[in-house]
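The residues making up each chain are set out below.
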Amino acid sequence: MKSVTRFSQKTTQKRSVWGIALLVAITTSLLLVGTASAGQFEGGDVYRLEAGQVVNDDLYVTGSEIFIDGTVNGDLYAAGGYIEVNGTVTGDVVAAGGGIKITGDVQDDVRVAGGGIDITGSIGDDLIVAGGGQPGSFSFPMQMGSRSINQGIRLGDSSTVGGDAMIFGGTAQVRGSIDGDLSAYAGEVDLDARVGGDAMLNASTLNVANNSQIEGTLTYSAPSEVAVPAGVAGGVQYEPTVSEAAKVNPLMSFFWWMVRTMAILVGFALLA
C-alpha cells in the first residue's frame, strides 16, 4: 500500500511540474506568435471581434484589451493585459494575460495563465489553468491600465468542463461541473462542484462544501485532516504533508512565481 501511495505522489508531482512547465511554454510562445505561418493575425490597443462576426481560421491576437464576442472557427491564441471570451471558439483557447474571463462556449481545450482568471462558460474538453492569488490573506487587485483585476482562479456556478481540469495557483475557487478528473494544486482550494471522476487536491488550506459531488475518489494532501462531509465522494483518502519542506516545495513555488510573473509581464509589455 505504501508503494502505491509513493507512486501516486510521484506521479502527481510530475503532472503538476509538467503542467506548469507547459503553461510557461504557452506564455512564451504567445510572445513569439508572429513566427506562425497560418491563421489570421490581429493586434492593437483594443481588439474586439464583434457579436455576429466570424473568423474561419485560427485567430492570433495581441493587445492591451481583447474581446471575443463573435465566433472563431478554429483555435484562439491571445496575449494581452485583459482577455475576455464571450462568444464561441470551435477549437482551443490558449491565452496569457493579467486578467482572463471566459463566459462563452469553447468547444475544445482551454489552456490559460494569468493573475486573475474567471470562468463561467462552457469548455468542451480539458482545462489547464495557472493563476495568482495570495492564500490566507487579502490579495490586492492588480491594476492593468484603468482596469482592476482580482487575483486568483474562479470557476463559477455555471461553468462546465467536458474533460479533465488541472488547476495551479495561489487561490482556487471551484464551482460548476467537471465531467472528468480534477487536479488542484494551490495554497487555498475551495471546492463546491460536481466532479464526474476522481479529485486530487493539494492545498495548505482546503474546504470541501456539503454540496460537492465527487463520483470517484477524493484524495487530498494538507497539513492536517479536514472535515469532508459524508457522502460527497465515492471514497476519501488523506495523504498527510510529510514535512515542512514538502509543505512548501521550492520548485513548485518557483514555477508558480514564473507563470504569474510572465503573464503579468506580457500584459504590461502589451500595454506599453
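For the structure itself, consult the block above.
Let us look at the structure shown here. (Residues numbered from 1 in each chain as written. Predicted model: local features only at pLDDT ≥ 70, side-chain atom pairs only at ≥ 80, totals over all residues. Heavy atoms only, no water.)

## Things to note about the overall build of the protein chain
Thinking step 1. For the protein chain, the helix and strand inventory stands at three helices and 22 strands.
Thinking step 2. The long-range fraction of contacts in the protein chain, counting pairs at least 24 apart against all pairs at least 6 apart in sequence, stands at 27%.
Thinking step 3. As presented, the protein chain carries roughly 12,000 Å² of accessible surface, and 52% of it is formed by carbon and sulfur atoms. (Helix = DSSP H or I, 4+ residues; strand = E, 2+ residues; numbered from the N terminus. Contact = heavy atoms within 4.5 Å. Areas by Shrake-Rupley, 256 points an atom, 1.4 Å probe, with all protein chains shown as cover.)

## Structural notes on the pattern of salt bridges
Thinking step 1. Tallied over the entire structure, the rule returns six salt bridges.
Thinking step 2. We note a salt bridge from Asp-109 to Arg-111, for which the minimum N-O separation is 3.6 Å. By the burial criterion, Asp-109 is buried, and Arg-111 matches it.
Thinking step 3. Among the salt bridges present, the one from Arg-175 reaches Asp-190, with a minimum N-O distance of 3.2 Å. Of this pair, Arg-175 sits in the loop between strand S16 (165–174) and strand S17 (177–178) while Asp-190 sits in strand S18 (residues 182–191), placing them 15 residues apart in sequence. Residues Arg-175 and Asp-190 agree in their burial class; the two are buried.
Thinking step 4. Three or more residues joined by partner-sharing salt bridges are found here, namely Asp-92, Asp-109 and Arg-111. (Salt bridge = Lys/Arg side-chain N within 4 Å of Asp/Glu carboxyl O. Buried < 20%, exposed > 50% of the residue type's maximum accessible area, 1.4 Å probe, protein only.)

## Structural notes on the pairing of strand S9 (residues 110–119)
Two faces make up the sheet, and in a regular strand the side chains alternate between them.
Thinking step 1. Counting buried residues in S9 gives nine out of ten residues, a clear majority hidden from the surface.
Thinking step 2. By the bridge criterion, nine bridges tie strand S7 (residues 93–102) to S9 in an arrangement that is parallel. Bridge pairing in S9 places Ala-95 opposite Val-112.
Thinking step 3. Here S9 pairs with strand S11 (residues 127–131) via four bridges, running parallel. (Pairing = 2+ DSSP bridges.)

## Observations concerning the environment of Glu-239
Thinking step 1. Residue position: Glu-239 is located in the loop between strand S22 (233–238) and helix H2 (244–247).
Thinking step 2. Distance in space between the C-alpha atoms of Glu-239 and Thr-219 is 7.3 Å, their sequence separation being 20 residues.

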